[in-house]
Each structure stands twice: as C-alpha cells, then as structure tokens.
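Here is how the chains run, residue by residue.
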Amino acid sequence: MNVQDMILTLQKFWSKQNCLILQAYDVEKGAGTMNPMTFLRSIGPEPWNVAYVEPSRRPADGRYGENPNRLYQHHQFQVIMKPSPDNIQELYLNSLRELGINPEEHDIRFVEDNWEAPTLAAWGLGWEVWLDGMEITQFTYFQQVGGLDASPVAVEITYGIERLASYIQNKENVFDLEWVNGFTYGDVFLQNEYEQSKYSFEIADSNMLFNLFSTYEREAKRTLEANLVIPAYDYVLKCSHVFNLLDAQGAISVTERTGYIGRVRQLARECAKHYYEIRESLGFPMLKKEGNDTHE
Amino acid sequence: MILMSKGTFLLEIGLEEMPARFVTNSMDQLADNVEDWLKNHRLSFDNIKKYSTPRRLAIVIEGLDDKQADMEEEAKGPSKKIAIDSEGNWTKAAQGFSRGQGVSVEELYFKELKGEEYVFAKKFTEGQSTDVLLKGLKDVILSMQFPKNMKWGSHNLKYVRPIKWLVALFDSKVIPFGIADVHTNNTTLGHRFLGGFATLMKADDYINVLMGEHVIVDPVERKLAIRQQITELSAVEGWNIPIDEDLLEEVNNLVEYPTVLYGSFDERYLNIPEEVLITSMREHQRYFPVKDGDGKLLPYFVTVRNGDHRHLDNVRKGNEKVLRARLADAEFFYQEDLKKPLEEGLKRLESIVYHVELGSIGDKVRRIKELALTLGKDLDMTGERLAKVERAALLSKADLVTHMVGEFPELEGRMGEEYALKSGEDEEVAKGIYEHYLPKQAGDEPPATDIGAIVSVSDKLDTVVTSFGIGLIPTGSQDPHGLRRQTAGIVQIFLTHGWDLDLIQVLTEGIDVAEKRGLLKRDKESVKEDLVEFLKLRVKNLLQEQGVRYDVVDAVLKTDLGQIKTLVNKAHFLQDQLVNPEFKQVVEAFSRVTNISKKATDVRVDFDSNLLEGEAEKELYNSVQEVQAKVRDYLKTGKISFAYEELKGLVPKIHDYFDNTMVMAEDTTLRNNRLKQMQETSKIITTFADFQSIVFHSEE
C-alpha cells in the first residue's frame, strides 16, 4: 500500500467512526498534538472527534536527507476522541487491519509509554504500540492539557506514517517509500530535508531567532489580553518552533533551556485557561449539538 | 444446624495493558488485600492463589466457607445500681442498653467486676452468607494503590489503566457489583488476537478456560515457559543465552502467551562495542543477546512474541528490520564519536550545567582533579602514577557529550573507557574513567584499580560535600542525588583498598576544595559536622549489615572516625569478644573509669603526679603512662588486638585502684587530682571504644 492510500484508508476508517476529517494546521509545529484541533479542543467538557494528517517539524532530527530513518519533517496521522470510547483499542486494531496488517499474523503489543509535553503543560498515560518490535503508534489518554485536568478524558492516537509505511512497503530507506504510483517519498521531500536541515543547523540566524522568540511571546501575551485565544495560540506555536530551531543549533544552554520551555509553557497555560473561559461563556456549545451522540 | 460447605471464588480484574513494571506488585497487593479483607470479615478459606498478565489481575480463593463465622460478643452495660430501681424493676438505662444490644431485658445478666455488679448482654451475630459479603470486594478493588493512576472516558475513577471487564464468581454464582460502568459477569476475555470471550461455568475452571483462550495466566508458569523455550533454543543452536532476570520479569509481563524466537543481524555490527549492542537490544527492544560458548557476542538476538508459532517469520523479519535501523544508528554514533579524540569533549562540558548553584560539569571536573591529586599525594603517589590519576580525573566526564552516551546514558563511563583507548590514552587511565562511577549501586564491586578508586572517591566526595554545602541534605526517604549511596561507596572503597588515611582528613580536604571556590553556602563547621554524622550513619549501616551488634557499633562510632579500616576491625574485634567470658569484667572496669571521669569535666586544675598517695594510684598512673603511646601506635598501625591487650592489662590496676582509693575525697585538691587521673585513664581507653555503650543482658 502506498503512502497516499494509507492516509486515505485511515481517513475513511476514522470518518466511519464519526471523526471529523480535518486538515493540517498552517503554523509550524513539532507534533500533531500542537494543532489547536487537538490542544485547544481537548480542553473542557465538549465532545470532540477528529482525525487529520499533521506534517511535524523536528529541526534537531534533520539529517540532510542522508539518514534512512531520521527526518526534519515527518507525518503524523492524528486521531482525537473525547471522551475516549470504551472500545478505542479495538477500533485502533481494526484500523491496522484496514491497512492490511492482520494482528494475528504479527506481534502487536501495547508497551507502557507515558507522554509529556513540557511546553504544553500537558501529559498523559498510555502506550507505544509495537508491531513486530517497531514502534508505530503513540497511544495516549490525556490527563492534563495546558495545566488543566482533562475531564472528560480525550484519547490521542498518533500513527507515525513513515514508520508504518516503511513496514508495510518493506523499505529500509524512508526516501524509497512509494507515495503514490511513480512518486517516491524522496521525490517529494528529499530537497526539503536537505534544505531545512542545512538551514536549521548552519544558516538560521540565532540572533534573529532569539529576537523572534521574544517578539512572538510579547504578541501572544498582547493578543491574550484582547481575549483572542486562537491567534494568541498561533504565536505560542511560533515560539515553540523558534525554540526548536535554536535548540537544534545548540544555541541554548541547559540552564537557559528550562527557562525557555517554561516561558512557552506559561503561554500555553494562559491559552488553555482563556479557551476554557471563552467556551464556558458560550455555554460549551458542542455539548448541546444535535447528532453528537456518536459515542457512549 | 446446617453444615457449612466450601467453594472456590474467582476475582478477575480485566484491564487495558498495564505497565509491565506494575503487574507483579499489583497482583501481590490484590492478594494481600483480599486476604486481609477475608480475615476482617471472619471468612475462612484454605488458600489464595494469585494470577496476572498484562491485561488482568486475578485471585482464586480455594476452600472458602459459604458462610461467615458466627460471632458471640459479651457487652457490658450499666452497673446493677443503675440498672435496677429501688422496686427491683429494670430502669430506663437498662432497657436502653438491652435495646441497643438487640436482646430482651430477660436475657440480661449480672457479673461482678472489681467488686461492683454490672449488667451484661450476650450478643449473638449470625454469620452472613459469603456471597452477600463478597460484594464488598468492590472496595478492595477500588482501594488498590498503583504508582501511577489515570482517568479515562467520562469516569471519575482513577486506576492503573481502564477497567474492561470484571469476573466475580463464587463456584458458579456471579457476585454482582459494578465499577465505572463495568459489571461483574462470568465471562472472561482471552488473548487479544488468539482468544475471545469465554464463559466460566465455575470458578475452578479459570486456568484451563484461559489456557484454551491462549492465556497462561499464572506468571510463574509463563516465566517458566519462556525460560524453557530459551534453554531449548540454546541447546538446538549451541548458543549461550544469558538470562537477565530483570529483563525476563519485564518480558513476562508484556505477554500472555509467550513464544520465543530469534533473529539475526549483520556481522559487521559486531565491531560496535559489545555493551552498546547489548544495551541497544535490551533497553530499546527487550531482546536477549546471544553469546557463544566463550561468552563472545553472536550476531543473533532472542525475543519473546505475545502469540503462538504461526507467522513467526513476519515477526522475525519485522524485528530484524527494527534492530537493523537501531544498530545503524548506533554505528553512526560510534563512528561520529570516534572522529574526535575524547579530550575534545572537555570544552563542551563547560556549557553543561551540573547544578545551578554548583556550576558546570567542567567546574566539577576541575574540583575532581584537584581532589584526586590531593588524595593521590595522601596515598604517597608520585610521578607517572600521579599523572595518570590526574589524567583519568580530567577525562572522567568527557564521554557525557558523546553521541553514544546521549543515546544510552547508562553507558557513561563505559564509553569513556572505550573512547579513551581509541584516542590513545593509557590503559590504566581508560580503566580509571570507567571505574570512577563504581560502585554504581549497593552490591556493586568497587573500582579494582587504585586510579579508578581515587577518581571515584574524588567525584563522590565532591558531590556529597558540595550538596551539603548548599543545604541539599537527604531527609527520610528523600535522597534524589543518591548521596547515601555515594557516601557508602566512599567507605566501601576505603575498606577494599585498605587505605590507612584518616577519613575525616579526606573529608576536610573535600570541604576545603569547595570552600575555596565559594561553594559553601552554610557555615563551614556545621557542614563538616553534618557530613561527619552522615558518614557515621553509613558506617553504622555497613557494620550492621556485617552482623555487628548495634551496641558494639555505637561503642566504636563514639570514638573518632579516623581510619575507617581500623574502626571496622575494632567493631569486629569487639563483636568477637562478646562471647569471651572475661570481656564483661573488662567492660565493667573501663566503664567505671569512664563513668566517674565525667565528674572531671568541670575540674579546671591540671593533673599533678606528686599528689598521688597510695600504691594503687601510683601503679595505675605508671601503667597508663606505659601503655598510652603503645595503644595509640597499635591503633594507628591497625594492630587492634595488640592495642586491646595493652588496655586489658590495666584492668587489675583499675580494680586495685578502686579497692584502695576514694576518688571523691573530702579534700578538694585530692579529689580534683583523682578525677583528673580518671579522666586521663578514660581518655586512652576511649581511643579504642566507648565501652560504656556495650550492653550485657542480665542472663549473660
């Protein structure tokens, strides 16, 4: 199965489970969790079921397109269901069957892995899912998001598209993956990998980045003062990405690192709090929504 | 009377996969709590069996009575005076009491208690039926304690992982209760892929029904199965597969139906240091490495699949693919690290914070180096050897900035040694780098080489001293920096290397190094006092572990710590003396001296031998003069029994002295002088031990 079909298959599968199929968010981010459709929407009592593909940037993992497994940008297929349905593990295993992975013919395990995103003041408990020894999915029950207790609890399923595809297509090198007939992963992303790695490690101007960080941070705070949580959150994402770039350059010492993470976390907390209050003042509209009886 | 009958009760909590490291403890806890609960509810039973897999915790109670034991209690009421009025009728108080006890007034009776008669009632409580009581196990399930809990869905319950099903079955009867929308039933769930729902006709069927659903529910059986399969594989292939017990325990709690299989990897990866390969296989993949008869690593790995023998090829290929990527990474890191000599890493240590108040790792390395040089000189090292100590200290932390240690922190030291050798460092220096982390935990071997030992002590001493200097002192169970372990490590190294250095002096050297750099945020003397106390507690633990009696430990610890080896030997020497019949008299004589000498604390005059009157006084004085220097010399050179024999020689003189001398004489001058003599005598005795601390029980 090529990558394109994998994505279509997963979208179709989760659509049938009454997930909204949305698109990636247009601000740089390190993980699908940071998409406001996950971060903000998992806050508060409103039900929420969604799935989307998120291109995720990890500047420190860039390898100029030379490493068969490590990437500056990889793709996550992200599913959020709130409240977490009772049969979520079975749903997930069924999605693997749709991808042609029959659990009876493999060794699939749920191995403890506790997830924490210090910049988001978020953590959860769950597993990494192993397919014949390979971690293909991160499976997390959110316990706190933006410093707020998750209630009800959202479950997050994050498929590593490249990992899964390399298994399904039996390829050793990510760039040899078939995206769709006649197009390899390399055709689509190799230049991106090289240029972004080169930029992150060699070209990016750390002075400019330090300035940007402070500018974005100020703007996030100012925007929050106007009680506009979504644009404010965009600047939190920008802070986070700039921080990741600086970190990849080794421009931030260990002590300073804690400080920068703390600053992003503080903003994320503020956004979470504002988001909750705004939704509350709106009377948590999704709670009343007709047809939102898909689970439980 | 109805005869009681016995039955089997099964309780199974079905869960989404628990963390492997919680499974065994949680199972034990469930069994213990159920046992307590049964006892508290007067339910008798023959035995409790406990079972667990990643997806279930279960107990089976065999021979459980179907009825709670009856209970007869005697309750005391008001006194007869109050219970019966002047006309001989029951008072309100008595009636109230009988009502409260659920008996009629006719059933009340009297008993005398300390000369006064009281009303009593016999209260009989009939035992309830077990199946009614068993519903209460819900509370046992809810009161389970896990290291980490979570919420799920819209439930408010916090538990180790979501509860999926519950079985509560007394013989064939379902005991009804529910937790978080899950209700008890007689249906269990088998292996995730090879089994399904299965009905238990009766509790006794549990093991067999699950076996039919591809679940080996008994963890002991499951572990045995893994072990046997590994052993068979070793025999067939002629391999040696060392079984790491911790790994086996973890793997056992990751599977419900284990099948052992092996895979291989490219031989060229055997060029990567063995420890890296092993760590990569074990930590990341939970594989068992494979060795040949000579203990050499082979390009194979053994893994345990959660399933049966079908489609093993898929599983093998998948695992091989994963390992290939992992080893390619490891190889890349290794090659990258080898591009630069180890020493190159030093400058990057300057930007790694050791502790906000204590500077960078670079700062720490400079302190370790200074301490190591001082310690080396204390141990009379010179020239080339001292230079090696210095070099090992300098490079001790250089591997922290290598890719490999970044990936596998547990390989710190090991990679330092490896890269030092590859960088052309001296072999002893390289060994010293590895060894300076030893002993890593209780039970570990200390460094074998003196270079490793010196750097190890210097590193640990710096950690402990600077932590105390900024007030980071372990309390209770709180010891995040492992200061107890590190201090115990220092003591262990001193003992195994037989260093005859004064531990307090070495400690002071550590404090000086910290002070010079302004790292003492507290008063120097109180830092030192705290450290000496801390050190003494470690020695105390050590001696007690070695079986030395607590009072003997106290006796030696009340003397100066000094040479730790001598102190430990003294403790064992005294411990051995405990069975010596004459020892008690020695202790009594010494104690008498020490006891009375306490009265001399406030005496401000100097001792004057001219004031000695009686023969006994003079005799004792002369003997003390004679043995003093010898005792000190013997102790300094570790000749414990010689020192003791000298002191023992004083015993008859002490007896003589007390038989013939009145210490607390009327004459102040005489009295003070005698007290001073006692003080002098006590002083030499207590250089050996505080004999007063030693306890003799009356029957001995």
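This report concerns the structure included in the present document. (Residues numbered from 1 in each chain as written. Chains lettered and ligands numbered in written order. Predicted model: local features only at pLDDT ≥ 70, side-chain atom pairs only at ≥ 80, totals over all residues. Heavy atoms only, no water.)

Now for helix α1 (residues 20–40) of chain B. All names here are of chain B. For α1, built from 21 residues, the straight-helix expectation of 30 Å at 1.5 Å per residue is met to within 8% by its first-to-last C-alpha distance of 31 Å. Among the residues of α1, Ala20, Phe22, Val23, Ser26, Met27, Gln29, Leu30, Ala31, Val34, Trp37 and Leu38 are the ones counted as buried. Among the residues trailing α1, arginine 42 stands out with phi positive, at a value near 50 degrees. (Helix = DSSP H or I, 4+ residues; strand = E, 2+ residues; numbered from the N terminus. Expected span 1.5 Å × (residues − 1). Buried < 20%, exposed > 50% of the residue type's maximum accessible area, 1.4 Å probe, protein only.)

Before going further, it helps to spend a moment on the environment of leucine 338 of chain B. Residues and elements named next belong to chain B. Relative to the assigned elements, leucine 338 resides in helix α10 (residues 312–338). The spatial distance from the C-alpha of leucine 338 to the C-alpha of isoleucine 640 is 52 Å, given a sequence separation of 302 residues. Non-local contacts of leucine 338, meaning those with residues more than four positions away in its chain, are made with Tyr419 and Lys422. (Contact = heavy atoms within 4.5 Å.)

All names here are of chain B. Enumeration over the complete set of coordinates arrives at 72 salt bridges over all chains. One salt bridge connects glutamate 249 with lysine 223, and the closest N-O pair in it is separated by 2.8 Å. Highlighted residues: glutamate 249 in helix α8 (residues 245–252) and lysine 223 in helix α7 (residues 219–237), separated in sequence by 26 residues. Residue class for glutamate 249 comes out partly exposed when judged on its relative accessible area of 26%. Residues aspartate 244 and arginine 282 are paired through a salt bridge, measuring 3.9 Å at the closest nitrogen-oxygen approach. (Salt bridge = Lys/Arg side-chain N within 4 Å of Asp/Glu carboxyl O.)

The omega angle of the peptide bond from serine 151 of chain A to proline 152 of chain A is -5 degrees, so this bond is cis rather than trans. Note that proline 152 of chain A resides in the loop between β8 (148–149) and β9 (155–160). Cis rather than trans, the peptide bond between leucine 438 of chain B and proline 439 of chain B has omega equal to -15 degrees. In the Ramachandran plot, aspartate 171 of chain B falls in the positive-phi region, its phi being about 55 degrees despite a non-glycine side chain. Structurally, the position occupied by aspartate 171 of chain B is in the loop between β7 (163–170) and β8 (173–174). When its relative accessible area of 30% is taken as the criterion, aspartate 171 of chain B is described as partly exposed. Backbone geometry at alanine 180 of chain B places phi at a positive 45 degrees, although glycine is not the residue there. By secondary structure assignment, the location of alanine 180 of chain B is in the loop between β9 (178–179) and β10 (182–185).

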